[in-house]
Amino acid sequence: MTASTGVLDELKRLRSRLPQLTGAFAASVDGLVLARDTPDAEAETVAALTAAALGVAVRLTEATGQGGFRELLVRGDSGYVATYAAGSSAVLTVTAEPRVNVGRLHLEARRAGTRIGELVESALDRHDRHDRHDRHDPNTTQPR
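Now for a look at the structure at hand. (Residues numbered from 1 in each chain as written. Predicted model: local features only at pLDDT ≥ 70, side-chain atom pairs only at ≥ 80, totals over all residues. Heavy atoms only, no water.)

In terms of helices and strands, the protein carries three helices and five strands. Put simply, the protein runs from its N terminus to its C terminus through helices and strands in the order α-β-β-α-β-β-β-α. Residues classed as buried in the protein amount to 35% of the 144 residues present. Taking the contacts inside the protein whose residues are at least 6 apart along the sequence as the reference set, 47% of them involve residues at least 24 apart. Only carbon and sulfur atoms are counted for the fraction: they give 54% of the accessible area of the protein, which is about 8600 Å². (Helix = DSSP H or I, 4+ residues; strand = E, 2+ residues; numbered from the N terminus. Buried < 20%, exposed > 50% of the residue type's maximum accessible area, 1.4 Å probe, protein only. Contact = heavy atoms within 4.5 Å. Areas by Shrake-Rupley, 256 points an atom, 1.4 Å probe, with all protein chains shown as cover.)

For the rest of this paragraph, the subject is the sheet that holds strand S5 (residues 90–96). Spatial ordering of the open sheet is given by S2-S1-S5-S4-S3, a layout of five strands whose pairing is antiparallel. Because the sheet does not close on itself, it has two edges, and the strands there are strand S2 (33–37) and strand S3 (71–76). Here the strands of the sheet are splayed against their neighbours by 15 degrees on average, with no regard to which way each runs. In this structure, strand S1 (residues 21–28) lies alongside S2, joined through four bridges in antiparallel fashion. Within S2, the residue paired with Ala27 across the bridge is Val33. Across the sheet, helix H1 (residues 3–17) is in contact with S1, S2 and S5; its angle to S2 comes to roughly 35 degrees. (Pairing = 2+ DSSP bridges. Axes fitted to C-alpha atoms, helices over the stretch in contact; angles between N-to-C directions.)

Among the nonpolar cores identified, the biggest contains 22 residues, and Leu92, Val94, Leu105 and Ile116 are the most heavily contacted of them. Broken down by secondary-structure element, the contributors of at least two residues to this core are H1, S1, strand S4 (79–86), S5 and helix H3 (102–135). At five residues, the largest contribution of residues to this core is made by H3. Not counting residues up to four positions away in its chain, the partners in contact with Leu92 are Leu11, Leu14, Phe25, Ala82, Thr83, Tyr84, Ala86, Ala109, Ala112, Gly113 and Ile116. Counting eight residues, the second-largest nonpolar core is a separate cluster that includes Ala27, Ala57, Ala85 and Val91. (Core = buried A, V, L, I, M, F, W, Y, C linked by side-chain atoms within 4.5 Å.)

Given a rise of 1.5 Å per residue, 15 residues ought to cover 21 Å, and the 21 Å separating the end C-alpha atoms of H1 matches this to within 8%. Residues Ala3, Gly6, Val7, Glu10, Leu11 and Leu14 constitute the buried set of H1. For H1, the buried positions fall inside an angular range of 140 degrees around the axis, keeping them on one side. (Expected span 1.5 Å × (residues − 1). Arc of directions from axis to C-beta.)

Encoded structure:
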């Protein structure tokens, strides 16, 4: 199973646990979509906007002494957009109907964000180990 497959599976499980979700996607902190379970074709646009909002949220938590970023919740007339930290390299963003139980949304999305973060971090670790292995010439003790 690849990281993107595992992340997509987690998004689907989250949406099944919270039927009021209208979409869910995981993205890198710089706005690249990693996986999505949403009928919205605008996931790339929303991911880019999420990255911009994340930048402001991180600065806001730091400036107010609240520590590292954990989550961001926006309520509009037609529902919610919530973004949760998913490790240090990714975020989980969900959209929800206005009738969603926000406490349950937080509970389920925080758990999913933790699992997604673990999948992404594990994939990055494997990628880094693979890159280090590829750069090393087995006939010498020096990297290529």
